[in-house]
Amino acid sequence: MVTGKTPSRTAEEWADAALQAFAAGGVRAASIPSIARTLGVTKGSFYWHFRGIDDLVEAALRRWEERDRAALAALRTVADPRRRLIALFTEAMQSPQAQALFVALSGSSMPMVSAAIRRMSDRRIRFLGDAYGELGFAETEARERALLVYTAYVGLLHLRGESSPSLRTSK
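So, a few notes on the structure that sits alongside this text.

Procedures and definitions
- Residues numbered from 1 in each chain as written.
- Predicted model: local features only at pLDDT ≥ 70, side-chain atom pairs only at ≥ 80, totals over all residues.
- Heavy atoms only, no water.
- Core = buried A, V, L, I, M, F, W, Y, C linked by side-chain atoms within 4.5 Å.
- Buried < 20%, exposed > 50% of the residue type's maximum accessible area, 1.4 Å probe, protein only.
- Helix = DSSP H or I, 4+ residues; strand = E, 2+ residues; numbered from the N terminus.
- Contact = heavy atoms within 4.5 Å.
- Expected span 1.5 Å × (residues − 1).
- Phe/Tyr/Trp six-rings, centres within 6.5 Å; stacked < 30°, edge-to-face > 60°.
- Axes fitted to C-alpha atoms, helices over the stretch in contact; angles between N-to-C directions.
- Parallel < 35°, antiparallel > 145°, perpendicular 65-115°, else oblique.
- Left-handed = near helix turned anticlockwise from the far one by under 90°.

Side note on the nonpolar core
Next up, step 1: Of all hydrophobic cores here, the largest spans 46 residues; its most connected members are W14, F22, I35, W64 and L105.
Next up, step 2: Elements represented by at least two residues in this core include exactly α1 (11-25), α2 (32-39), α3 (53-76), α4 (81-93), α5 (96-105), α6 (111-134) and α7 (139-160).
Next up, step 3: Sort the elements by how many residues they give to this core and α6 lands first, with nine residues.
Next up, step 4: Each residue touching L105, except ones within four places of it in the same chain, is listed here: F22, V27, L61, W64, V113 and I117.

Concerning α6
Next up, step 1: Between its first and last C-alpha, α6 extends 34 Å over 24 residues, near the 34 Å set by a 1.5 Å rise per residue.
Next up, step 2: After α6 finishes, the residue G136 shows a positive phi value of roughly 110°.

Details of the packing of aromatic side chains
Next up, step 1: Scanning the entire structure with this criterion turns up five aromatic pairs.
Next up, step 2: Considering the side-chain rings of W14 and F46, the 5.3 Å spacing of their centres and the 70° angle between planes classify their relative orientation as edge-to-face. Of this pair, W14 sits in helix α1 while F46 sits in the loop between α2 and α3, and the two are 32 residues apart along the sequence.
Next up, step 3: On the basis of relative accessibility, which here comes to 0%, the residue W14 falls in the buried class.
Next up, step 4: Judged by relative accessible area, F46 falls into the buried class, the value being 0%.
Next up, step 5: When the centroid spacing of 4.8 Å and the interplanar angle of 85° are considered together, the rings of F46 and Y47 count as edge-to-face.

Here's the deal with the packing of α6 against α7
Next up, step 1: Two elements in contact, α6 and α7, have axes separated by 8 Å at closest approach and are oriented at 130°. Considered as vectors, α6 and α7 are oriented oblique to each other. You can see that α6 and α7 cross each other, and the crossing is right-handed. On α7, the residues that touch S121, R124, I125, L128, G129, Y132 and G133 of α6 are A142, R143, R145, A146, L147, V149 and Y150.

Worth remembering: the numbers are spatial, not functional.
Structure (structure tokens):
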């Protein structure tokens, strides 16, 4: 039955669509009308959930961080630290949307975006450091290894933007 009414969307759906838009072009490239078109709703439905674009950005970033925390929590269930690290590396390399989002949001001038990147980076570095510590490295060396691995990963993500085939992990 066609009622002529636009389907409604949840705040979570708006946040997910915003994350997709951010991954494609950064926060500043996303707009309420373009996200509404993606969702197949009018921009008026946006205001049922959010006061303005900053509220949507905050909700989307919160959703992204929740997903990251959940992924790390699932990986923490791997008892062997070596296997846990391998599982983390595998997860990180097989998450193209998360990679695109991280690259698109890195270096943002928006304080809430840079704060979210910092929190996620700190969380992942701690995760790595904990695993290296469990492998027997002293605290300082575990932290240095974690930092080196994380910065190599972030560097790879940014270099992939150069479209060099040698930087791809799969063919």
